Amino acid sequence: MGKIDKQCRCGKASFIFLAYAKRHLCERHFLEMFEKRLKKTVRERRMIRKGDKVAVSLSGGKDSSVLLHCLSRLRKDLPMELVAITVDEGIKGYRSNTIDNAKNECEKAGVEHVVFSYEEKIGMTMDRLMEKSPQETPCSYCGIIRRYFINKKAREMGVDKLAIGHNLDDTAQTILMNIFRNEPSRLARLGEPLVKKETLVQRIKPLMRSPENEVVAYAKLKGINVLEKSCPYQRFAFRKRIRGMVDGLEEEYPGTKFKILNSFLEMEDALRKKYSEGAAIGECSECGEPCSKELCKFCSLIKPILKH
Ligand code: SF4
Ligand code: ZN
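Residues numbered from 1 in each chain as written. Chains lettered and ligands numbered in written order. Predicted model: local features only at pLDDT ≥ 70, side-chain atom pairs only at ≥ 80, totals over all residues. Heavy atoms only, no water.

Engineer: For the overall build of the chain, give the residues involved together with the corresponding values.
Structural biologist: When its secondary structure is counted, the chain shows 12 helices and 9 strands. Relative to its length of 308 residues, the chain is compact, with a C-alpha radius of gyration of 20 Å against a globular reference of 19 Å. For the chain, the C-alpha atoms occupy an extent of roughly 65 × 45 × 40 Å along the three principal directions. The 308 residues of the chain split such that 49% are buried. Pairs at least 24 apart in sequence give 74% of the contacts found in the chain among residues at least 6 apart. In the form shown here, the chain has an accessible surface area of approximately 16500 Å², with 48% of it arising from carbon and sulfur atoms. Placing the 59 positive and 42 negative side-chain charges of the chain at their respective mean positions leaves the two points 2 Å apart. (Helix = DSSP H or I, 4+ residues; strand = E, 2+ residues; numbered from the N terminus. Rg over C-alpha atoms; globule rule 2.2 N^0.38 Å. Buried < 20%, exposed > 50% of the residue type's maximum accessible area, 1.4 Å probe, protein only. Contact = heavy atoms within 4.5 Å. Areas by Shrake-Rupley, 256 points an atom, 1.4 Å probe, with all protein chains shown as cover. Lys, Arg positive; Asp, Glu negative; His and termini not counted. Charge placed at Lys NZ, Arg CZ, Asp CG, Glu CD.)

So, in structure tokens, the structure goes:
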């Protein structure tokens, strides 16, 4: 193997080495590459149209904060109305730090910031909910509540697209999880829902081609706080296993994460064609929110705990 010059192509000192591209980049060229890739992803997948109202689902963690920052910069080339929505789940010792971070990022970007809590919406915090009804998979329950109320809020605010901070690592893991669980129909709707429904705000993932370590590097260069503390309920046993596997492969065979994503993108049209036949989104018979069964997950899984 030839010697790799530890310099960016411009002659400046290397800030980061991209093993998958066998390239060193200086700070400026790394920032440029990172933003260009996001812009290309948004354009190629037609995620945002000129004039769209886009809400960033902003937890205050590194991914969503970087996403807000990048979309805010993208406004110069692609005019859009940008807002941010943050949910306070009510998790002691964890959420308040990320909410402060979220507020700070919104002030910096000059975007409207809407915050609401589980306490306001369901009358109790996530901590209380888990005390009342301990679950083996708290994140599934938490996710149902968050998605339900964020979709409602975004719709009330007239939002066209809801931007989620999933990065390349998250996306590659999700693809493999769907394959290992033999859930090709879920894989088919990973990029976007199989059918559109007015009451279901479209979710977009502009960071889907951005590796997690590069998101962290970008955040550091831009002075965005990267909080290390993780949620005490986090118990993604299966995802953790897949993550370890993918990270190990990436280390040995650089570019693995991109290859997993690109394989999915190659198959995406065929999968969508196969599974969109007969796919439909109806309304929950109890609350009227969009869902594919008789009752939505909020009404069937969360409400019984609240009533208990
Ligand atoms: Fe909710 Fe799980 Fe996220 Fe914690 S890690 S905030 S429980 S989804
Ligand atoms: Zn419902």
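On we go.
Engineer: Please provide a residue-by-residue account of the nonpolar core, values included.
Structural biologist: Ile48, Val66, Leu68 and Leu71 are the most contacted members of the largest nonpolar core, which has 56 residues in total. Here isoleucine 48 is in contact with Val42, Val54, Leu71, Leu78, Met80, Lys161 and Ile204, once residues within four sequence places are set aside. Counting residues in hydrophobic clusters, the runner-up holds 36 residues, among them Tyr94, Leu129, Ile144 and Phe298. (Core = buried A, V, L, I, M, F, W, Y, C linked by side-chain atoms within 4.5 Å.)

Engineer: Please set out the coordination of the zinc ion (ligand 2) residue by residue, giving values where relevant.
Structural biologist: Looking at the zinc ion (ligand 2), one finds its protein donor set to be Cys284 (SG), Cys287 (SG), Cys296 (SG) and Cys299 (SG), positioned 2.2 to 2.3 Å from the metal centre. Around the zinc ion (ligand 2) sit 4 donor atoms; with metal-centred angles ranging over 106 to 113°, the donor geometry is tetrahedral. On the primary sequence, the residues serving as donors to the zinc ion (ligand 2) are separated as C-x2-C-x8-C-x2-C. The class of cysteine 296 is buried, set by a relative accessible area of 4%. (Donors = N, O, S within 2.8 Å, 3.2 Å for Na, K, Ca; no water. Tetrahedral: all angles 85-135°; square planar, octahedral: opposite > 155°, others 65-115°.)

Engineer: Can you break down helix H9 (residues 212-221) residue by residue, with the values?
Structural biologist: Those residues of H9 that sit buried are Glu212, Glu214, Val215, Ala217, Tyr218 and Ala219. Among the structural elements, strand E1 (16-18), helix H1 (27-44), helix H2 (62-74), helix H7 (168-180) and helix H10 (237-252) are those in contact with the buried residues of H9. Positive backbone phi, at 70°, marks glycine 223, one or two positions downstream of H9.

Engineer: A description of a nonpolar patch on the surface should follow, citing residues and the corresponding values.
Structural biologist: On the surface, Ile179, Phe180, Phe238, Met245, Leu249 and Tyr253 cluster together to form a nonpolar patch covering roughly 530 Å² of accessible area. Elements represented by at least two residues in the nonpolar patch include exactly H7 and H10. Per-element tally for the nonpolar patch: the top contributor is H10, with 3 residues. The partly exposed category is assigned to isoleucine 179, whose relative accessible area is 42%. (Patch = residues over 30% accessible without salt bridge, like charges linked within 9 Å, V, L, I, M, F, W, Y side chains within 5 Å. Salt bridge = Lys/Arg side-chain N within 4 Å of Asp/Glu carboxyl O.)

Engineer: How would you summarise the pairing of strand E4 (residues 81-88) if you had to cite specific residues and measurements?
Structural biologist: Burial within E4 is extensive, with 6 of its 8 residues counted as buried. Alignment of strand E3 (residues 53-57) against E4, held across 5 bridges, turns out to be parallel. Within the sheet, the bridge partner assigned to alanine 55 lies in E4 and is valine 83. The β-α-β motif built from E3, the intervening H2 and the parallel element E4 has right-handed crossover chirality. (Pairing = 2+ DSSP bridges. Right-handed = clockwise from strand over helix to strand, strands pointing away.)

Engineer: Got a sec to walk through the site of ligand 1? Specific residues and values, please.
Structural biologist: In the vicinity of ligand 1, the contacting residues are Glu89, Ile91, Cys139, Cys142, Arg146, Cys231 and Tyr233. Split by residue class, the shell around ligand 1 holds 5 nonpolar, no polar and 2 charged. (Near = heavy atom within 4 Å. Nonpolar A, V, L, I, M, F, W, Y, C, P; charged D, E, K, R; others polar.)

Engineer: Account for the side chain of aspartate 170, naming residues and giving values.
Structural biologist: Within the secondary structure layout, aspartate 170 lies in helix H7. Of the buried charged residues, aspartate 170 lacks a salt bridge, with arginine 239 as the closest side chain of opposite charge at 4.8 Å. Aspartate 170 has contacts with Gly165, Glu212 and Arg239, leaving out every residue within four places of it along the chain.

Engineer: How would you explain the pattern of salt bridges if you had to name every residue and give the values?
Structural biologist: When their charged atoms lie close together, side chains carrying opposite charge are able to pair. Within the structure shown, the criterion is met by 26 salt bridges. Between glutamate 183 and arginine 186 there is a salt bridge; the shortest N-O distance is 3.8 Å. When its relative accessible area of 26% is taken as the criterion, glutamate 183 is described as partly exposed. Among the charged side chains, a salt-bridge network with shared partners connects Lys62, Asp63, Asp169, Glu212, Arg243, Asp247 and Lys257.

Engineer: Tell me about the packing of H1 against H9, residues and numbers included.
Structural biologist: Closest axis-to-axis distance for the H1/H9 pair is 11 Å, and the angle between their directions is 120°. With respect to their mutual orientation, H1 and H9 come out oblique. Crossing angle aside, the handedness with which H1 passes H9 is left-handed. For the pair H1 and H9, contact is made by Glu27, Phe30, Leu31, Met33, Phe34, Glu35 and Arg37 and by Glu214, Val215, Ala217, Tyr218 and Leu221, respectively. For the contact of H1 with H9, the residue count by class is 8 nonpolar, no polar and 4 charged. (Axes fitted to C-alpha atoms, helices over the stretch in contact; angles between N-to-C directions. Parallel < 35°, antiparallel > 145°, perpendicular 65-115°, else oblique. Left-handed = near helix turned anticlockwise from the far one by under 90°.)

Engineer: How would you explain the pairing of E3 if you had to name every residue and give the values?
Structural biologist: Counting buried positions along E3 gives 5 out of 5 residues, so the element sits mostly inside the fold. What you see with E3 is no split at all: Lys53, Ala55 and Ser57 on one side and Val54 and Val56 on the other are buried throughout.

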